[in-house]
Amino acid sequence: MKDAAPQAVHLDDYTPPPFLVESVSLIFRLDPKATKVQSRVRFVPNPDAVPGQALRLDGEGLILLNATLDGTPVTARPDETGLTLPAEALPRGPFTWEAEVEIAPEGNTALEGLYMSKGMYCTQCEAEGFRKITFYPDRPDVMAPFRVRIESDRPVLLSNGNPVAQGPGWAEWDDPHPKPAYLFALVAGDLVAHSDRFTTSEGREVALNIWVRKGDEGRCGYAMDALKRSMRWDEEVYGRAYDLDVFNIVAVDDFNMGAMENKGLNIFNSKYVLASPETATDTDYDNIERIIAHEYFHNWTGNRITCRDWFQLCLKEGLTVFRDQQFSADTRSGAVKRIEDVIALRARQFREDTGPLAHPVRPDSYVEINNFYTATVYEKGAELIRMLRLLVGAQAYDAALQLYFQRHDGQACTIEDWLQVFADATGRDLSQFKRWYVQAGTPRLHVDETWEEDSGTYTLTLRQHTPPTPGQPLKEPLLIPVALGLLAPDGREIMRSAVLELAAPEQGFVFEGLPARPVPSLLRGFSAPVILQHAQSAERQAFLLAHDTDPFSKWEAGRALARNLLMQMSRADAAPGPAWLDAMEAVLADDSLDPAYRARLLALPDEEDIARALHEAGHTPDPAAIHAAREKLRQTLAAHLEPRLATLYDTMDTPGPYSPEARDAGRRALRLSCLSLLSALDGGARAARLFDQAGNMTEQFAALNCLLHIGAGDEAAARFYRQWAHDRLVIDKWFGARVRNAPPARAAQTAEDLSRHPDFTWQNPNRFRAVFGALTANTAGFHHASGAGYRLLADWLIRLDPVNPQTAARLSTAFETWARFDPARQQMIRTELKRIAETPGLSRDMTEMTSRILG
Ligand code: B3K
Ligand code: ZN
């Protein structure tokens, strides 16, 4: 086993590329079985590298037809991963490498490199897919302008940059902006465009196109609108204008992730482009807006300024996630957006950070870089930018960003470059802050309070501690910004958000001359990605839920109350006291709170959240008990609030045609949350009526979920399937809903039955995730004591791995929580992981994942 272990790459081993690329020209003669790729690459020695080195070209799965160096045939033969031209074979100055290779896009099921999706040619090169297209120094610190010619019988032929010429069966593209190979893209297909125009703040006329398969062109309007709003926002908020004459987006059905920011030619999973009121939910619209913005924002943070090496991935991803979060907050309710981001951070990143896959935001080694497109790099990476902005202030942040663009445009950078910009722009020493990038794990923030009545002195003592993570037994103290407000006992605010800076392991903060003992509102806006350990009474939490003026902390107080209740109920036969129920009633009745926010307040923590909290508190979570407790609490809440829920359900309708705008979406969210609770009481009567009458997918799908959840959804599910059998994106929803809502004891069987459905095209990542992603999201079902969920997932990961290792490896993270559970479950999960690990021919992706999870 050991000998076969794939090699790890280490940050410390970085060396500059011995040669830079002045220009690249590529000719593609497309054919499903035998595409010919001709390349012409002009190399120059890198003045910053040790001279006299060999030239290593990456290349995988390529048939080399011929190659020359300055016109002379090359005799060197490729090995498994590329080709080396020894130093003595290279001219002293610049030289030209030319090669012709053959590849077979049709057989490329891994969806990395050049592949085919429903007759369309498309590419995915990040992180290291370009080496499956031709021989090249496939590393992000080699940037070059690309010229591309495509020859094909497909009518639409696209690549990066601006179109320069075209004729029947060919097209040429020129991208003047130097870029790394991972941003290369090519598309050829029978496509139609939804087109528009945009004039930049610099006066550039940009042609915008969203390319889709015929029949989908009527579902691009929202994505286009989101694109134009993103372009304007980046000009207004970051001073960044678009820099080419065209911006193309292509929707592809077979795609490993959400989307890809290739220069001037973004490629999207069609799920994040296509939307109509009848087929897409409010959540879909939300995601489309967010991902369109994210990929567009990469044009500056990622493309114009890229990463020196893949360890620096958070340089572009953390920053771009932060930017898309700012954009969404500006576009919709900022408070609701922050709450949603924190829910997602805890569900994915805290989970990762407290388990065997914990790694720093900037990892220092990897085996397969595709395994590091994680919640830690993305979402925690974004939290670090948010903290930096809070610490230096909004104005200084803006100044630092302008300096960043000015200083590093056209470069491949590091986290050190990024922090240096902030140090220079603000004069602040950020060396302690840098630890956030290199130290893994979620800090615990312990809070103690003392109050001296006589002098009116209130002292907050904050203590930080980060538990060990794999490979990092000892942790240094971090610089933690703690936003704090103080409330008087009557609920008035005594002090508005001050930002305390906790730098030491323990620090006291003293507030003098207060008229009465204050109630602290801590970590307002979730000012740092930490776990707060603050023993607060239920009365205090109810007080904060009622009075806190910070919308995040108000929600957080309600959340903590509900979570504690659910933790108790899952461990003993406890029942909720009237205090919580009354507090929930009061917030629901508060019309000054916007409906989307009230919907958030009404939602109970999910089962995964409760399991994590129990584990954190030193208990062993029992998935079945958690499920039962949560269902019981929903039932109790529904019964207590019934008249108000019914009224809200009747009054929160959205007359007129469907609009995805925040206002209507918020009303629907509240109305449908009420419906979900009411379904526990009315046997699904309201949901069945709504299912019949719904004029949009948001309502129809919510009604279906309510019915399935209470076990009364078979007929509706059958009708839903018949109605939407022709629509792949809606049918993905159908698969997912059936598995997610299956009762725990039936979840694995439901997934297994559906895996035999004729529409279960398992090689399509969306469809695979619809069933098996849903299985892992059905927490009590996946972790059912029979172990059937574990076995089924392992069977399918073993099957998918040789076909599409990236998607398989990503889903294997469902097993990362094994250590939380009882010995029987631990044993079952480890057995499945070992079974996967021992599969002959296992991919590098999956080999790394199983070995890290097993520890
Ligand atoms: N940069 C791409 C992700 C590429 C993933 C490669 N396995 C999408 C994004 O973050 O915008
Ligand atoms: Zn990104």
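Residues numbered from 1 in each chain as written. Chains lettered and ligands numbered in written order. Predicted model: local features only at pLDDT ≥ 70, side-chain atom pairs only at ≥ 80, totals over all residues. Heavy atoms only, no water.

### With respect to the overall build of the protein chain
- In terms of regular secondary structure, the protein chain is built from 26 helices and 30 strands.
- Relative to the 2.2 N^0.38 estimate, which gives 29 Å for 855 residues, the radius of gyration of the protein chain is 28 Å and therefore close to what a compact globule would have.
- Summarising its shape, the C-alpha atoms of the protein chain cover approximately 85 × 65 × 60 Å along the three principal directions.
- With 855 residues in all, the protein chain has 60% of them scored as buried.
- The contacts of the protein chain with a sequence gap of at least 6 include a subset with a gap of at least 24, amounting to 70%.
- Surface exposure of the protein chain reaches about 32,000 Å², of which carbon and sulfur atoms provide 50%.
- For the protein chain, the distance from the average position of its 92 positive side-chain charges to the average position of its 116 negative side-chain charges is 2 Å. (Helix = DSSP H or I, 4+ residues; strand = E, 2+ residues; numbered from the N terminus. Rg over C-alpha atoms; globule rule 2.2 N^0.38 Å. Buried < 20%, exposed > 50% of the residue type's maximum accessible area, 1.4 Å probe, protein only. Contact = heavy atoms within 4.5 Å. Areas by Shrake-Rupley, 256 points an atom, 1.4 Å probe, with all protein chains shown as cover. Lys, Arg positive; Asp, Glu negative; His and termini not counted. Charge placed at Lys NZ, Arg CZ, Asp CG, Glu CD.)

### Re the environment of threonine 817
- For threonine 817, the location among the structural elements is in the loop between α24 (805-811) and α25 (823-837).
- Taking C-alpha positions, threonine 817 is 34 Å from asparagine 262, a pair spaced 555 residues apart along the chain.
- Here threonine 817 is in contact with Arg351 and His783, once residues within four sequence places are set aside.

### A look at the environment of alanine 680
- Within the element layout of this structure, alanine 680 appears in helix α15 (residues 662-682).
- Here alanine 680 falls in the partly exposed class, since its relative accessible area comes to 25%.

### A look at the pairing of strand β11 (residues 144-151)
- Bridge count between strand β2 (residues 19-29) and β11: six bridges; the pairing is parallel. Within β11, the residue paired with valine 24 across the bridge is phenylalanine 146.
- Two strands pair when backbone bridges link them, and β11 and strand β14 (residues 170-179) are joined in this way by seven bridges, in the antiparallel orientation. When the sheet's bridge partners are listed, alanine 144 is paired in β14 with lysine 179. (Pairing = 2+ DSSP bridges.)

### Notes on the site of ligand 1
- Taken together, 14 residues sit near ligand 1, with Glu126, Glu261, Glu295, Asn370 and Tyr378 positioned nearest.
- Residue histidine 294 places a side-chain N or O atom 3.1 Å away from an oxygen atom belonging to ligand 1.
- Out of a free accessible area of 340 Å², ligand 1 has 94% covered by protein chains.
- Contributions of two or more residues to the shell around ligand 1 are made by β19 (259-260), α2 (282-297) and α3 (313-331).
- A class-by-class count of the residues in the shell around ligand 1 yields five nonpolar, four polar and five charged. (Near = heavy atom within 4 Å. Polar contact = N/O pair within 3.5 Å; in protein donor to acceptor, adjacent residues only side chain to side chain. Nonpolar A, V, L, I, M, F, W, Y, C, P; charged D, E, K, R; others polar.)

### Considering helix α7 (residues 415-426)
- An ideal rise of 1.5 Å per residue puts 16 Å on 12 residues; α7 measures up with 17 Å between its terminal C-alpha atoms.
- Within the sequence span of α7, burial applies to Ile415, Trp418, Leu419, Val421, Phe422 and Ala423.
- In this structure, the buried residues of α7 make contact with α3, α5 (375-392), α6 (394-408) and α8 (435-438). (Expected span 1.5 Å × (residues − 1).)

### A word on the domain arrangement of the protein chain
- Split into domains, the protein chain comes out as domain 1 (14-189), domain 2 (306-438), domain 3 (446-469 + 476-528) and domain 4 (638-854).
- Taking only C-alpha atoms into account, the centre of domain 1 sits 40 Å from that of domain 4.
- Counting residues at the interface gives five residues for domain 1, matched by seven residues for domain 4.
- If you sort the residues of domain 1 by the area they bury against domain 4, Thr109, Ala110 and Leu111 come out on top, with a joint share of 66%.
- Taken together, the connections running from domain 1 to domain 4 amount to zero salt bridges.
- Connecting domain 1 to domain 4 are three residue pairs in polar contact (both at pLDDT 80 or more). (Domains from an automatic or database assignment. Buried area = accessible area lost by both parts, 1.4 Å probe. Salt bridge = Lys/Arg side-chain N within 4 Å of Asp/Glu carboxyl O.)

### As for the pattern of salt bridges
- Going through the model one piece at a time under the given rule, you end up with 79 salt bridges.
- Of the charged contacts, one joins lysine 179 and aspartate 175 as a salt bridge, the two residues approaching to 2.9 Å between their closest N and O atoms.
- Given the relative accessible area of 0%, aspartate 175 is considered buried.
- In this structure, the salt-bridge partner of lysine 733 is aspartate 284, at a minimum N-O distance of 2.5 Å.

### A look at the coordination of the zinc ion (ligand 2)
- Distances from the zinc ion (ligand 2) to its protein donors, His294 (NE2), His298 (NE2) and Glu317 (OE), fall at 1.9 to 2.1 Å.
- Here the donor residues of the zinc ion (ligand 2) share one chain and are spaced in sequence as H-x3-H-x18-E. (Donors = N, O, S within 2.8 Å, 3.2 Å for Na, K, Ca; no water.)

### Things to note about the state of the cysteines
- Going through the model one piece at a time under the given rule, you end up with zero disulfides.
- Distance from the sulfur of cysteine 674, which forms no disulfide, to the nearest cysteine sulfur (cysteine 706) is 11 Å.
- With relative accessibility at 0%, the residue cysteine 674 sits in the buried group. (Disulfide = S-S within 2.5 Å.)

### Quick look at the pairing of β2
- In this structure, β2 lies alongside strand β3 (residues 35-45), joined through 10 bridges in antiparallel fashion. Across the sheet, arginine 29 pairs through a bridge with lysine 36, a residue of β3.

### Observations concerning the sheet that holds strand β30 (residues 531-533)
- Spatially, β28-β25-β24-β30 is the arrangement adopted by the four strands of the open sheet, whose pairing is mixed. The open sheet terminates on both sides in strands that have one partner only, identified here as β28 (506-511) and β30. Direction aside, neighbouring strands of the sheet carry axes that sit 25° apart on average. (Axes fitted to C-alpha atoms, helices over the stretch in contact; angles between N-to-C directions.)

### As for the packing of helix α20 (residues 747-754) against helix α23 (residues 788-800)
- Two elements in contact, α20 and α23, have axes whose closest approach is 8 Å; the angle formed by their N-to-C orientations is 30°. Classified by the angle their axes make, α20 and α23 are roughly parallel. Seen along the crossing, α20 lies across α23 with a hand that is left-handed. Residue-level contacts link Ala748, Ala751 and Glu752 of α20 to Ala788, Gly789 and Leu792 of α23. (Parallel < 35°, antiparallel > 145°, perpendicular 65-115°, else oblique. Left-handed = near helix turned anticlockwise from the far one by under 90°.)

### Description of helix α17 (residues 697-709)
- Between its first and last C-alpha, α17 extends 18 Å over 13 residues, near the 18 Å set by a 1.5 Å rise per residue.
- For α17, the tally of buried residues reaches 12 of 13 residues, placing the bulk of the element in the interior.
- Every buried residue belonging to α17 is among Met697, Thr698, Glu699, Gln700, Phe701, Ala702, Ala703, Leu704, Asn705, Cys706, Leu707 and Leu708, and all of these are buried.
- Of the surrounding elements, those touching the buried residues of α17 are α2, α15, α16 (685-693), α18 (714-724) and α19 (728-740).
- By the N-cap criterion, in which a side-chain oxygen at the helix start approaches the backbone nitrogen of a residue two or three places on, α17 is capped by asparagine 696, the distance to threonine 698 being 3.1 Å.
- Where α17 ends, the next residue or the one after it, glycine 711, has phi of about 75°, a positive value.

### Remarks on the environment of tyrosine 404
- Along the chain, the position of tyrosine 404 falls in helix α6.
- Take tyrosine 404: its relative accessible area is 1%, and that puts it in the buried class.
- When the C-alpha positions of tyrosine 404 and isoleucine 305 are compared, they lie 8.9 Å apart, and in sequence the two are 99 residues distant.
- Not counting residues up to four positions away in its chain, the partners in contact with tyrosine 404 are Ile305, Leu315, Leu319, Asp409, Trp418 and Val421.

### Description of the sheet that holds strand β26 (residues 480-487)
- Taken in spatial order, the three strands of this open sheet run β27-β26-β29, and their pairing is antiparallel. Since the sheet does not close on itself, it has two edges, and those belong to β27 (493-502) and β29 (519-522), each with one partner. Adjacent strand axes in the sheet meet at a mean angle of 25° when their direction is disregarded.

### Quick look at unusual backbone geometry
- Going from glutamate 126 to alanine 127, the amide bond is cis rather than trans, its omega being 0°.
- The backbone of leucine 111 shows a phi angle near 60°, a positive value even though the residue is not glycine.
- Along the chain, leucine 111 turns up in the loop between β8 (95-103) and β9 (113-117).
- At leucine 523, a position not held by glycine, the phi torsion is positive, near 60°.
- In this structure, leucine 523 sits in the loop between β29 and β30.

### Considering the packing of helix α4 (residues 334-353) against helix α10 (residues 551-571)
- At a closest axis distance of 9 Å, the pairing of α4 and α10 adopts a crossing angle of 45°. Taken together, the axes of α4 and α10 are oblique relative to one another. Crossing handedness for the pair α4 and α10: right-handed. Contacts from Ala335, Arg338, Ile339, Val342, Ile343 and Arg346 of α4 reach α10 at Pro551, Phe552, Trp555, Glu556, Arg559 and Arg563.
- Tallied by class, the residues present in the contact of α4 with α10 amount to seven nonpolar, no polar and five charged.

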